[in-house]
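Architecture at a glance
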Amino acid sequence: VDHSHHTGTSHMADNSTTAPPHHHHHPTTSAHHSHGGGMDGMMMSMTFYFGFKNVELLFSGLVINTAGEMAGAFVAVFLLAMFYEGLKIARESLLRKSQVSIRYNSMPVPGPNGTILMETHKTVGQQMLSFPHLLQTVLHIIQVVISYFLMLIFMTYNGYLCIAVAAGAGTGYFLFSWKKAVVVDITEHCH
Amino acid sequence: SKMHFIFSNEVVLLFDFWNVHSPAGMALSVLVVLFLAVLYESIKVGKAKLLHQAVVSVSVLSSQQLTEETDQDSSASDSAPVSRARLRWFLCHFGQSLIHVVQVVIGYFMMLAVMSYNTWIFFGVILGSAVGYYLAYPLLSMV
């Protein structure tokens, strides 16, 4: 299969790129996934389709060609979306836990009539070089990368993979938020 | 490939049947994506409020049952109210997860709509996000 027209890896001739990518030259081919956009040589589908033949996923060489491979990709994407939701919630709870440490600074301050008052400053947060903050930063980068991967997967417009993203997000939210909600309940309503 | 924002009355959005050729069709499409963006912002606020309400109502329910049981001094019949509260909590949470799926899907749809590189559609998404945020976020601080 000729991959030289794949978006982002080639420079197409000017006269073929000035036309809007969504121009339908072949309205009857909209049912076929490989020419969903209708543009000359454009391999990217611009509408949702269901198919498992010749589906390129994120990386070159990672091409789905059979139903079995699509099933495997579905499971992998599902787990990735679930992991993403779990990571979000894990970061939230990590942040809350590390912010439990509150610093009080008390300093004497001159008051009226020559008296001395104690002014107390309360600081909630993390220090820059503390382990929790560095860990949060690393987790943040992982979260950003996974969120972009999920976006790019959704951008393939492949119906199976998009459903895997949505279902994985919902399942991950359900499983991990369940735990978070119980923790929130205990810590925010002291009986 | 070179892609840039264009003003055009023609676009194919998300699905094969959403094929626009006319100004009227484009105006309608812009209204639809605008509504989607408003819905997206509202769902974000709605989810947070639902969670707050669920936590409050279930904790109130549990504490009420707790006082009832200690007043009656009975231990045999306390399994039913507790499981009722748990079931209610489970349903609340399952509903929240469904709403989360809707939010994720709408978010991706908006991203794909912007990816059409049609400037009118882009304006619709941005304006809808602005209107949705403006209307919905003040409701967060309301109890």
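Residues numbered from 1 in each chain as written. Chains lettered and ligands numbered in written order. Predicted model: local features only at pLDDT ≥ 70, side-chain atom pairs only at ≥ 80, totals over all residues. Heavy atoms only, no water.

As annotated in an unreviewed UniProt entry, chain B carries the name Copper transport protein and is attributed to Felis catus. Under Sequence similarities (unreviewed entry), UniProt gives the following word-for-word description of chain B: "Belongs to the copper transporter (Ctr) (TC 1.A.56) family. SLC31A subfamily." (UniProt positions renumbered as here; feature names shortened; annotations may be inferred.)

The name given to chain A in an unreviewed UniProt entry is Copper transport protein, and the organism recorded there is Lynx canadensis. According to its UniProt record, chain A has this under Function (unreviewed entry): "Mobilizes copper(1+) out of the endosomal compartment, making copper(1+) available for export out of the cells." According to UniProt, the comment filed for chain A under the heading Sequence similarities (unreviewed entry) is "Belongs to the copper transporter (Ctr) (TC 1.A.56) family. SLC31A subfamily."

With that out of the way, let us pick up the UniProt feature "transmembrane region" (unreviewed entry) in chain B. The UniProt record annotates "transmembrane region" (unreviewed entry) at residues 20–40, 89–114 and 120–140 of chain B. Strand forms 0% of residues 89–114 of chain B and helix 100%; the C-alpha atoms that close the span are 38 Å apart. (Helix = DSSP H or I, 4+ residues; strand = E, 2+ residues; numbered from the N terminus.)

For the rest of this paragraph, the subject is the nonpolar core. A:F48, A:F154, A:L161 and B:L112 are the most contacted members of the largest nonpolar core, which totals 44 residues. Counting only elements with at least two residues in this core, the list comes to α2 (67–98), α3 (131–154) and α4 (159–188) of chain A together with α1 (23–72), α2 (79–114) and α3 (119–136) of chain B. Counting residues per element, this core draws most heavily on α2(B), at eight residues. When residues no more than four places from it in sequence are discounted, the contact partners of A:L161 are A:V55, A:L57, A:M70, A:A73, A:F74, A:V77, A:I153 and A:T156. (Core = buried A, V, L, I, M, F, W, Y, C linked by side-chain atoms within 4.5 Å. Buried < 20%, exposed > 50% of the residue type's maximum accessible area, 1.4 Å probe, protein only. Contact = heavy atoms within 4.5 Å.)

This next bit is on the packing of aromatic side chains. Scanning the entire structure with this criterion turns up 19 aromatic pairs over all chains. Ring centres 4.8 Å apart and planes at 65° place the aromatic pair B:F7 and B:W120 in the edge-to-face group. Placement of B:F7 in the segment before β1 (11–12) and of B:W120 in helix α3 is noted, with a sequence separation of 113 residues between them. Classification of B:F7 as exposed rests on a relative accessible area of 54%. Using a relative accessible area of 37% as the deciding quantity, one classes B:W120 as partly exposed. Both rings, one in B:W120 and one in B:F123, keep their centres 6.4 Å apart while their planes meet at 80°; by these two values the pair is edge-to-face. With B:W120 and B:F123 both in helix α3, this residue pair falls three residues apart, about one helical turn. Ring-pair connections join several aromatic residues into one group, and the members of that group are A:F48, A:F154, A:Y157, B:F15, B:F17, B:Y108 and B:F109. (Phe/Tyr/Trp six-rings, centres within 6.5 Å; stacked < 30°, edge-to-face > 60°.)

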